[in-house]
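Summary of the model geometry
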Amino acid sequence: MKLDRKEILTALESISIAGEGKNMVESGAVQNVVTFGDEVVVDVVLTTPALHIKNRAEADIKKVIAEKINAEAKVKVNIKVEAPTKEEANTIKGKQIPGISNIIAVSSGKGGVGKSTITANLAVALSKMGFKVGVLDADIYGPSMPIMFDVESAKPISVEIDGKSKMQPVQSYGVEILSIGFFTKPDQAVIWRGPMAAKALNQMIFDANWGELDFMLLDLPPGTGDIHLSIMQSLPITGAVVVSTPQAVALADAKKGVSMFMSDAIQVPVLGIIENMAYFTPEELPDNKYYIFGKEGAKNLAEDLEVPFLGEVPLVQSIREAGDYGRPAAMQTGTILETVFEELARNVVAETVKRNETLPATEAIKITTMAGCSAVKK
């Protein structure tokens, strides 16, 4: 029996490394393959010491060689664990996702301004317009999309694409969705440090079968922290949308959010600002507007920062109810809310088209420990 090293390497390319988005050979996990007659020795380097992952890798290698090369081959797998450096562990490797035309980051400087509600309704409005839309719920510590799309009990299934195992996003109302909420219990808190969160996002980004999408919306966590940097290091973001309420406290943080995207270290185009909870109109007084949180604060901020104002969303009880029941308000027909979210979607599309016509494609950013901190003197 004579075993061919090249054939074995080709066979090992069918084994994926979780979280890498690459196969075992391409990722560099397979360090060496040596053949001696009917014996094969495979040297593998993993970045995690977890016993079940090591056992799975060894079993997959033996299975693939038996099935694709020779069932009688004697296979020995030497596995070495090399933990990544702190910087590597907290970084998602940047590359494009084939088939996705535009990646839009939806952000807010402060929590509680309705960012996830806007993301869900914007996704549905874009889908109603005929676009192929996906939503990545990147709010690791507070995932909301499973509730808002009425898919709390859904679980992504595994599909084989080009010989690789991929997660199939859950579809609801014509939108493809992936969220950490699909992999945790409803009452389970996600207590992870940055590297763990980055790894989870990595898998949902690169180990998923997103297919062809016109828009992928990223529902980012509030603020300007670790997850934001990891996402922007991982993907070439087409542009960012910032959501805020009109009040001064929210606007102060929204301004910081815009500043993050526009900073020299990041340089992600800001497509515009959306003002949520802009005013309240009682059902019995449809002509009255009460500016509970202030008037046109986000609109004025957009003018001051010289970024587009994408529109305003009123404070309406049915928006909250629709989100709680898992049927986004943008699905309504013949209502003011249908018009509001349709206008928002049209403005986002228009700004995206303008951005793509006038600016070069955004590249995944490279940030060292302090490069993104404006407080650091250059």
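You'll find the structure just up there.
Residues numbered from 1 in each chain as written. Predicted model: local features only at pLDDT ≥ 70, side-chain atom pairs only at ≥ 80, totals over all residues. Heavy atoms only, no water.

Attention shifts here to the sheet that holds strand E10 (residues 213–219). Pairing is mixed across the open sheet formed by eight strands, whose spatial order is E8-E9-E5-E10-E4-E11-E12-E13. With one partner strand each, in any of the chains shown, strand E8 (170–172) and strand E13 (309–315) form the two edges of the open sheet. Neighbouring strand axes in the sheet, compared pairwise and without regard to direction, differ in orientation by 25° on average. Judged from the five bridges that link them, strand E11 (residues 239–244) and strand E12 (residues 270–280) form a sheet pairing that is parallel. Counted as the bridge partner of Val-241 is Gly-272 from E12. Sheet strands touched by helix H11 (residues 336–358): strand E4 (100–107), E10, E11, E12 and E13. Its angle to E13, the strand with the most contacts, is close to 160°. (Pairing = 2+ DSSP bridges. Helix = DSSP H or I, 4+ residues; strand = E, 2+ residues; numbered from the N terminus. Axes fitted to C-alpha atoms, helices over the stretch in contact; angles between N-to-C directions. Contact = heavy atoms within 4.5 Å.)

A few words now on helix H1 (residues 5–12). Ile-8, Leu-9, Ala-11 and Leu-12 are the residues of H1 that are buried. Looking straight down H1, one finds that the buried residues subtend no more than 160° of arc, so they occupy a single side. Opposite its buried face, H1 presents the exposed residues Lys-6 and Thr-10, each directed more than 90 degrees away. Where H1 begins, the side chain of Asp-4 points an oxygen toward the backbone nitrogen of Lys-6, at a separation of 2.9 Å. (Buried < 20%, exposed > 50% of the residue type's maximum accessible area, 1.4 Å probe, protein only. Arc of directions from axis to C-beta. Polar contact = N/O pair within 3.5 Å; in protein donor to acceptor, adjacent residues only side chain to side chain.)

Attention now moves to the nonpolar core. Formed by 85 residues in total, the largest nonpolar core has its most connected members in Phe-149, Trp-210, Leu-218, Ile-231, Ile-237, Phe-261 and Phe-341. Excluding anything up to four places from it in sequence, Ile-231 contacts Ala-138, Leu-201, Ile-205, Leu-218, Leu-220 and Ile-237. In terms of nonpolar packing, the next biggest core, distinct from the first, is built from 21 residues, Ala-11, Met-24, Val-42 and Ile-65 among them. (Core = buried A, V, L, I, M, F, W, Y, C linked by side-chain atoms within 4.5 Å.)

Glancing now at the packing of aromatic side chains. Inspection of the entire model under this criterion finds three aromatic pairs. Where Phe-131 meets Phe-215, the ring centres are 5.3 Å apart and the plane angle is 90°; that geometry is what we call edge-to-face. One end of the pair, Phe-131, is in the loop between helix H4 (115–128) and strand E5 (133–137); the other, Phe-215, is in strand E10, with 84 residues separating them in the sequence. You can call Phe-215 buried: its relative accessible area is 3%. Ring plane angle 35° and centroid distance 6.3 Å describe the contact between Phe-149 and Tyr-173, whose orientation is recorded as tilted. Taken together, the positions of Phe-149 in the loop between helix H5 (145–148) and strand E6 (157–161) and Tyr-173 in the loop between E8 and strand E9 (175–179) put the pair 24 residues apart, joining distant regions of the chain. A residue is classified by how much of its surface remains accessible, and Phe-149, at 1% relative accessible area, is buried. Directly above the aromatic system of Tyr-279 lies the positively charged group of Lys-289, at a separation of 4.4 Å from the ring centroid. (Phe/Tyr/Trp six-rings, centres within 6.5 Å; stacked < 30°, edge-to-face > 60°. Lys NZ or Arg CZ within 6 Å of the ring centre and 35° of its normal.)

Bear in mind that shape data such as this cannot, by itself, settle questions of function.
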